[in-house]
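Chain by chain, the residues:
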Amino acid sequence: MKASSLLSLILAVALAIVCGRMYFTSNDKPAALAQPDSTRNAAIDNIMTRASVRAFKSQPVEDAKLTTLLKAGMAAPTAADKRPWRFVAVTDHDQLLALSKANPHAEFMSKAPLVIVVCGDMRLTMDGKGRDNWILDTSAASENILLAAHALGLGAVWTGVYPAPDRVKAVSTVLELPQEVVPLSAIVIGYPAQPVAPKNKWDEDRISYDAYDE
């Protein structure tokens, strides 16, 4: 056999082996499971290591990261796909100071570079008994923003507005919200001044299987 023919045969066999391995790898495992463990667990790690941050550096949050946070909020699940949310991103110092005064438990807000106020628009809610689903939808959006902030190397904390009527009124006044738009949460965001360790909230006693028991 000529050397050129022998080389061609060897290359053909090698190519067949490689293609066979690629075929069985792609068909034996879903795409997600074919990824390294570190990639698969990134989302879980992000959830488990998130912590509430209340002290921030003066460094501003970049526009690109702000956009990512808002996109994350809008990626949340929403009943009947109503998406009854509005977001107000606040970076102006005077507005941040006013918001801090509107919430008696969030004085630190005035020293943060960014606050995203998540609101529900009553003009976009479901009708009838499903109206209050706006609370669930905007809560899911708020959690998405918190997790996205952590993933981006930022720190954040959820400060509640709704359903406290005095806070709702005060925040609405600061932001000049129309009557149909109700602030649910004010998420304070920035680069952490120091590391914050997450709390271990796992409690097996809070779990029931198949039916409730204590």
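Nothing here was measured: the structure is a model prediction, and the numbers come from that model.

**Student:** Got a sec to walk through the layout of surface pockets? Specific residues and values, please.
**Tutor:** The calculated volume of the largest pocket comes to roughly 380 Å³. As for the largest pocket, its lining consists of 15 residues, of which Ile47, Met48, Arg50, Lys199 and Lys201 are closest to the centre. Elements represented by at least two residues in the lining of the largest pocket include exactly α3 (42-49) and α6 (133-151). Looking at the lining of the largest pocket residue by residue, the classes come out as eight nonpolar, two polar and five charged.

**Student:** Account for the sheet that holds strand β2 (residues 114-121), naming residues and giving values.
**Tutor:** Strands sit in the order β1-β2-β4-β3 across an open sheet of four strands; the sheet is antiparallel. Each edge of the open sheet carries a strand with a single partner, namely β1 (85-90) and β3 (155-160). Across this sheet, the average inter-strand angle for adjacent strands is 25°, counted without regard to direction. Bridge analysis of β2 against strand β4 (residues 181-190) gives eight bridges, and the strand direction is antiparallel. Residue pairing in the sheet places Cys119 in a bridge with Pro183 of β4. The sheet contacts of α6 involve β1, β2, β3 and β4, and relative to β4 the element is tilted by about 10°.

**Student:** Now, about a nonpolar patch on the surface: what can you tell me, with residues and values included?
**Tutor:** Taken together, the side chains of Ile44, Ile47 and Met48 make up a nonpolar region of the molecular surface, amounting to roughly 320 Å² of accessible area. For Ile47, the position within the fold is in helix α3. The exposure class of Ile47 is partly exposed, given its relative accessible area of 46%.

**Student:** So, the environment of Ala80: which residues are in play, and what are the values?
**Tutor:** With respect to the helices, strands and loops of the structure, Ala80 is situated in the loop between α4 (63-74) and β1. Given a relative accessible area of 58%, Ala80 falls into the exposed group. Separated by 46 residues in sequence, Ala80 and Met126 have C-alpha atoms that sit 7.8 Å apart.

**Student:** I'd like a description of the pattern of salt bridges, backed by residues and values.
**Tutor:** If charged atoms from side chains of opposite charge come close, those side chains can pair. The final tally for this structure, using the stated rule, is four salt bridges. Between Arg123 and Asp121 there is a salt bridge; the shortest N-O distance is 2.9 Å. Where Asp203 meets Arg206, a salt bridge forms, and the shortest distance between an N and an O atom there is 3.5 Å. Among the residues examined, Asp203 registers a relative accessible area of 29% and is labelled partly exposed. Note on Arg206: relative accessible area 71%, which makes it exposed. The structure contains a network of salt bridges with shared partners spanning Arg86, Asp121 and Arg123.

**Student:** How would you summarise the side chain of Thr159 if you had to cite specific residues and measurements?
**Tutor:** The topology assignment puts Thr159 in strand β3. Engagement of the side chain of Thr159 in a polar contact is seen with the backbone oxygen of Ala186, the distance being 2.5 Å. Ignoring sequence-local partners within four residues, the contact set of Thr159 consists of Asn103, Ala106, Phe108, Met109, Ser185, Ala186 and Val188.

**Student:** Lay out the packing of α4 against α6 in plain terms, naming residues and giving numbers.
**Tutor:** Axis separation between α4 and α6 bottoms out at 7 Å; the angle between their running directions is 145°. Seen along the crossing, α4 lies across α6 with a hand that is right-handed. Residues Leu69, Ala72 and Gly73 of α4 form the contact with α6, whose own contacting residues are Ala141, Asn144, Ile145, Ala148 and Ala149. Classifying every residue of the contact of α4 with α6 by side-chain character gives six nonpolar, two polar and no charged.

Conventions we followed
- Residues numbered from 1 in each chain as written.
- Predicted model: local features only at pLDDT ≥ 70, side-chain atom pairs only at ≥ 80, totals over all residues.
- Heavy atoms only, no water.
- 1 Å grid on protein atoms, 1.4 Å probe; cavity = no way out; pocket = protein on both sides within 12 Å on 5 of 7 lines; lining within 4 Å.
- Points joined across faces, edges and corners; volume = space filled by probe spheres on them.
- Helix = DSSP H or I, 4+ residues; strand = E, 2+ residues; numbered from the N terminus.
- Nonpolar A, V, L, I, M, F, W, Y, C, P; charged D, E, K, R; others polar.
- Pairing = 2+ DSSP bridges.
- Axes fitted to C-alpha atoms, helices over the stretch in contact; angles between N-to-C directions.
- Contact = heavy atoms within 4.5 Å.
- Patch = residues over 30% accessible without salt bridge, like charges linked within 9 Å, V, L, I, M, F, W, Y side chains within 5 Å.
- Areas by Shrake-Rupley, 256 points an atom, 1.4 Å probe, with all protein chains shown as cover.
- Salt bridge = Lys/Arg side-chain N within 4 Å of Asp/Glu carboxyl O.
- Buried < 20%, exposed > 50% of the residue type's maximum accessible area, 1.4 Å probe, protein only.
- Polar contact = N/O pair within 3.5 Å; in protein donor to acceptor, adjacent residues only side chain to side chain.
- Left-handed = near helix turned anticlockwise from the far one by under 90°.

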